[in-house]
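The residues making up each chain are set out below.
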Amino acid sequence: MKNKRNVLFCLVILLTIVIYFAVQAQQKKDTHNFSGEWKSKESISMGGNIVCCYYSGDRMLATTMKIAEQANFLTIEVSSSFPGTAPVTSQEKLTFDGKESESQINHSREWGKKFTVKLSADGQTMTVNSIVHKMVPTPYHVDVQEQLLVYVTEVWKLSEDGKSISVQAKAKSNSFGEERSWKTVFDKAK
């Protein structure tokens, strides 16, 4: 009789533990992701006062972004333009695999961007490393072109409450010797 009680007691404890862990596994963690519509007072590129936006429709020039995050990538849709020009809508896909991607700018082989994207294990920080190349006139010799390289690192951090994204950016080019660093904050609009 005593053995039956002990076995029954152990089974009840074991069943309680199994149920507890099953319930914990079913509960959603209170984590946030980058999805949503985000607005800022200034674009990412404007804070650094360096050439980081390359064409109308570039996400670096946008003050509003619509982001849709999936398991392995996110898409960023923006509408942006240079002053005095019509806004251009574009969409960029950032894949979290850390592999190098490449895109042409203005549909030209002379202008392009190579980039890698990594997402932190907790999904709250994204790092984008870009190298942009374009042909530009040489100072004092406008008929001679030289390649301009701009190295940009963006660290996107989602706030704990999921209501803002801070983008810490730094850029350096082969034409401008000093590295520049700045921060842009986007607040969740929707």
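In what follows, the structure referred to is the one given above.
Predicted model only: the values in this text are computed from it and were never measured. (Residues numbered from 1 in each chain as written. Predicted model: local features only at pLDDT ≥ 70, side-chain atom pairs only at ≥ 80, totals over all residues. Heavy atoms only, no water.)

A.B. asks: What's the story with the overall build of the chain in this structure? I'm lost.
C.D. replies: The helix and strand inventory of the chain stands at one helix and ten strands. When its helices and strands are written in sequence order, the chain yields α-β-β-β-β-β-β-β-β-β-β. When the 190 residues of the chain are sorted by exposure, 35% land in the buried category. Taking the contacts inside the chain whose residues are at least 6 apart along the sequence as the reference set, 43% of them involve residues at least 24 apart. Accessible surface, the chain: about 12300 Å² in total, of which carbon and sulfur atoms supply 54%. (Helix = DSSP H or I, 4+ residues; strand = E, 2+ residues; numbered from the N terminus. Buried < 20%, exposed > 50% of the residue type's maximum accessible area, 1.4 Å probe, protein only. Contact = heavy atoms within 4.5 Å. Areas by Shrake-Rupley, 256 points an atom, 1.4 Å probe, with all protein chains shown as cover.)

A.B. asks: Even after reading the chapter, I still don't get the pairing of strand S2 (residues 64-69), so can you show me in this structure?
C.D. replies: Every regular strand shows the same layout, with side chains that alternate between the two sheet faces. Residues of S2 alternate between two faces, with Met65, Ile67 and Glu69 buried on one and Thr64, Lys66 and Ala68 left unburied on the opposite face. As defined by bridge partners, strand S1 (residues 36-39) adjoins S2 across four bridges and the pair is classed as antiparallel. Within S2, the position partnered with Trp38 by the bridge is Met65. Linking S2 to strand S3 (residues 73-80), which pair antiparallel, is a turn of three residues. (Pairing = 2+ DSSP bridges.)

A.B. asks: Would you take a moment to explain a nonpolar patch on the surface for this structure?
C.D. replies: A cluster of nonpolar residues, Phe9, Ile13 and Ile17, forms a patch on the protein surface that exposes about 280 Å² of accessible area. As for its placement among the helices and strands, Ile17 is situated in helix H1 (residues 2-26). A relative accessible area of 41% places Ile17 in the partly exposed class. (Patch = residues over 30% accessible without salt bridge, like charges linked within 9 Å, V, L, I, M, F, W, Y side chains within 5 Å. Salt bridge = Lys/Arg side-chain N within 4 Å of Asp/Glu carboxyl O.)

A.B. asks: Please clarify how the environment of Phe176 should be interpreted in this entry.
C.D. replies: Its location among the elements puts Phe176 in the loop between strand S9 (164-173) and strand S10 (180-188). Once the C-alpha coordinates of Phe176 and Leu148 are considered, the two residues, 28 residues apart in sequence, prove to be 9.6 Å apart.

A.B. asks: Got a minute to help me understand the side chain of Ser166 in this structure?
C.D. replies: Secondary-structure assignment places Ser166 in strand S9. Aside from chain neighbours lying at most four places away, what touches Ser166 is Val155, Trp156, Lys157, Lys183, Thr184 and Val185.

A.B. asks: Where do I start with the pattern of salt bridges in this structure?
C.D. replies: Opposite charge on two side chains permits pairing when their charged atoms draw close. Inspection of every chain in the model, using the stated rule, returns four salt bridges. Close ionic contact of Glu92 with Arg59 constitutes a salt bridge, the shortest N to O distance being 2.6 Å. With Glu92 in strand S4 (residues 88-95) and Arg59 in the loop between S1 and S2, this pair connects stretches of sequence that are 33 residues apart. Judged by its relative accessible area of 14%, Glu92 falls in the buried class. On the basis of relative accessibility, which here comes to 3%, the residue Arg59 falls in the buried class. Lys113 serves as the salt-bridge partner of Glu92, at 3.1 Å between the closest nitrogen and oxygen. With Glu92 in strand S4 and Lys113 in strand S6 (residues 108-119), this residue pair connects regions lying 21 residues apart in the sequence. As far as burial versus exposure is concerned, Glu92 and Lys113 are alike and both buried. Among the charged side chains, a network of salt bridges with common partners joins Arg59, Glu92, Lys113 and Glu154.

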